[in-house]
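Letter by letter, the chains look like this.
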Amino acid sequence: MCGIIGYLGKKNAAEEVYCGLERLEYRGYDSAGAAIIAADGKICAVKKQGRVENLKPYLRDIAGAIGIGHTRWATHGKPCDKNAHPHLCGGLALVHNGIIENYAALKAELVADGEEFLSETDSEVIVRLLKRNFKGDLLAALARTVERLKGSYAVMVICEGIDAIAVAKNRSSVILGYGNGEYFCASDEPALAGKCADICVPDDGDFAYITADGIEIYNKTLQRVIREKRPNTAAAQSLDLGGYPHYMLKELHEAPATIKNTAGAFAAVEDKLKAALCGVDRIIILGCGTAYHAGLVGRRYFEQFARVPAECENAGEFRYKNPVVTNKTAVFAISQSGETADTVEAARLALALGAEVVAVTNSLNSALTRIASVTVPVAAGSEICVAATKSYIGQIAALYLSALAFADCDRDGALKRGLAEMSALCGKTLGQVNTYSLANMCALSHGVYFLGRDIDYAVALEGSLKLKEVSYIHSEGYPAGELKHGTLALIDGDTVAVALIFDGGLAEKSCNAVEQVLSRGGRAAVITNVDSVKKRFAGRAQVIGLCACDKFLSPVLSAVAVQKLAYETAAILGRDPDKPRNLAKSVTVE
């Protein structure tokens, strides 16, 4: 949640900060702001409710070489100008990503001591503590301030009269960037793509002090430390829509390339993964939201190919259940950004309990990769739309390949070739599938219920989530057999049931659920590649036929169909699928 950016160099800081905020807007777009140290040493600040573009006319006339910026996903306080960052106090300006868990107690203490707050945020507590601690040394003041904080934070601070940016990090992501006579700090790597040659990821508890002479990093006791610098390999993130009306549709059409690229990236880590999984007798897969749904598919792969017990759990719940984990347990932690707070903390716990931790992520310099002994890359490239599309497909591909490697059951490579062929089938599906009529049904409905059995159920959950995220229509995903255990009471002429049927062996049982919907006056649709099912419901329900494929790889095709359905429903209703209300791409707070 929230995106923060800092720049110090020879260019116009206002332009650099604005550019960075545009690239970070997927992390939050309730409000945005920037603070620039002008030529006279004074701070010029602008903050506005709404999208980053609202800042542009106000930043045009601000000149300076040092600046910080913030794009907000609201946690404390409603989206409005006064709650937007930066927060200013006594010649200081601060931006913050994270949550200060003890802010209420700190605020009460400060108010009792005469401090007047201008916002409803937890972040303002930090800058007001900082003002009290500041005695001329910005870094020392920041260190004294964060000693009082409980929670997560990535903080950047500038001060009038000091040509520097001070940074503090704890359980929120910060990337430092080294350019040619210029330096950057940002929430994550995509914001620095094409901006600098090298990057560095500080440890939790670290501080950074950025001046024209370079970046100095200190540990929690303010002892100077050296952290590894590495080449900035992030591809420059194009904001070009490439002729598509929205990023969601553009990225959906990049799913075929994601399958191919993920398979190629997996080859480089396969032997390391096999070595890490040697002796493992149980698999636990962790994720949140879309990543959790990918994990449900992955669980089935490990069970089918390796015949080992496999579980998939919500990462946010895993931490609080006193999980049973041994040194023979492998925990696959899935996160598109690698910074999902619940998943990162669940992975830390699993590691502490002795598990072998494997990261499955699209970000190779993230908090999750620093915990894991092996990272299985999801080579989806940058994903700007908040709703995951191609990254979900990439996660499925990565888990499929991981299960094959663990099982060592693909000696002749036939199963890998099957996955490779899915890239072309995925492209064919995107080109031919017509979900527009069903999207109109969904747009006019009071609720949509996605039904499926076994592996289709996992995709049903994802289809439901996508529709909720981007169209705001109430939707739920259910095992097809559960329909008659209560949910059937919700079926009427104003609801739509979408059944996913891709396993011929279970087709008859799944068809029974569709018949139950139709017999009670509900509207039904079937997305299937089973010929008998297509014929059975022709003229009785909306039928969307997809290409024949192996049932275990069918989630690749069914997923792009339900993703396209969600996109078209949102478009019909005039929603912005790229930036759905109340949501952000990278969920870095609990």
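Below is a summary of the structure that appears in this document. Being a predicted model, the structure only gives us computed values, none of them experimental.

### Overview of the environment of N97
Then step 1. Mapping N97 onto the fold places it in strand 6 (residues 92-100).
Then step 2. Along the sequence, N97 and N170 sit 73 residues apart, while their C-alpha atoms lie 10 Å from each other.

### Quick notes on unusual backbone geometry
Then step 1. Omega for the peptide link from H85 to P86 comes to 5°, which places this bond in the cis form.
Then step 2. Here P86 is to be found in the loop between strand 4 (64-72) and strand 5 (87-89).
Then step 3. For L222, which is not glycine, the phi torsion reads 65° and is therefore positive.
Then step 4. Mapped onto the secondary structure, L222 falls in the loop between strand 13 (214-218) and strand 14 (224-225).
Then step 5. A positive phi angle is found at D408, which is not glycine, with a value near 50°.
Then step 6. Position of D408 relative to the elements: it lies in the loop between helix 13 (390-407) and helix 14 (414-432).

### Concerning helix 9 (residues 290-306)
Then step 1. Here helix 9 contains 17 residues, and its C-alpha end-to-end distance of 24 Å stays within 8% of the 24 Å for a straight helix at 1.5 Å per residue.
Then step 2. Burial runs high along helix 9: twelve of the 17 residues are buried.
Then step 3. Residues of helix 9 that are buried include every one of T290, A291, H293, A294, G295, L296, V297, G298, R300, Y301, F302 and F305, and no others.
Then step 4. One or two steps after helix 9, the chain reaches R307, where phi turns positive at roughly 55°.

### Considerations on the pairing of strand 6
Then step 1. When you tally the buried positions in strand 6, you get nine out of nine residues, the bulk of the element.
Then step 2. Where strand 5 hands over to strand 6, the hairpin turn is made up of two residues, of which G90 adopts a positive phi near 55°.
Then step 3. Examined bridge by bridge, strand 6 and strand 7 (residues 151-159) share nine bridges and lie antiparallel to one another. Across the sheet, residue I100 finds its bridge partner in strand 7, namely G151.

### Brief notes about the pairing of strand 2 (residues 31-38)
Residues in a regular strand point their side chains to alternate faces of the sheet.
Then step 1. Counting buried positions along strand 2 gives eight out of eight residues, so the element sits mostly inside the fold.
Then step 2. The alternating pattern of strand 2 places S31, G33, A35 and I37 and A32, A34, I36 and A38 on opposite faces, both of which are buried.
Then step 3. Sheet topology places strand 2 next to strand 3 (residues 43-49); seven bridges connect them, and they run antiparallel. The residue of strand 3 that forms the bridge with A34 is V46.
Then step 4. Pairing analysis gives eight bridges linking strand 2 to strand 4, with the strands arranged antiparallel. Among the inter-strand pairings, A34 is bridged to a residue of strand 4, identified as G69.

About the criteria used
Sequence order sets the numbering: in each chain, residues are counted from 1 along the sequence as written. In keeping with the model being predicted, local features are shown solely for residues with a pLDDT of at least 70 and side-chain atom pairs are shown and tallied solely at 80 or more, while totals for entire chains, interfaces and linings include all residues. Computation of side-chain values covers all heavy atoms of the structure but excludes hydrogens and water. Per the convention used, a helix needs a DSSP run of H or I reaching at least four residues, while a strand needs a run of E reaching at least two, with both numbered from the N terminus. A helix is expected to span 1.5 Å multiplied by its residue count minus one. When a residue's accessible area, from a 1.4 Å probe over protein chains only, is under 20% of the maximum for its type it is buried; when over 50% it is exposed; and in between it is partly exposed. Following DSSP output, two strands are said to pair if at least two bridges run between them.

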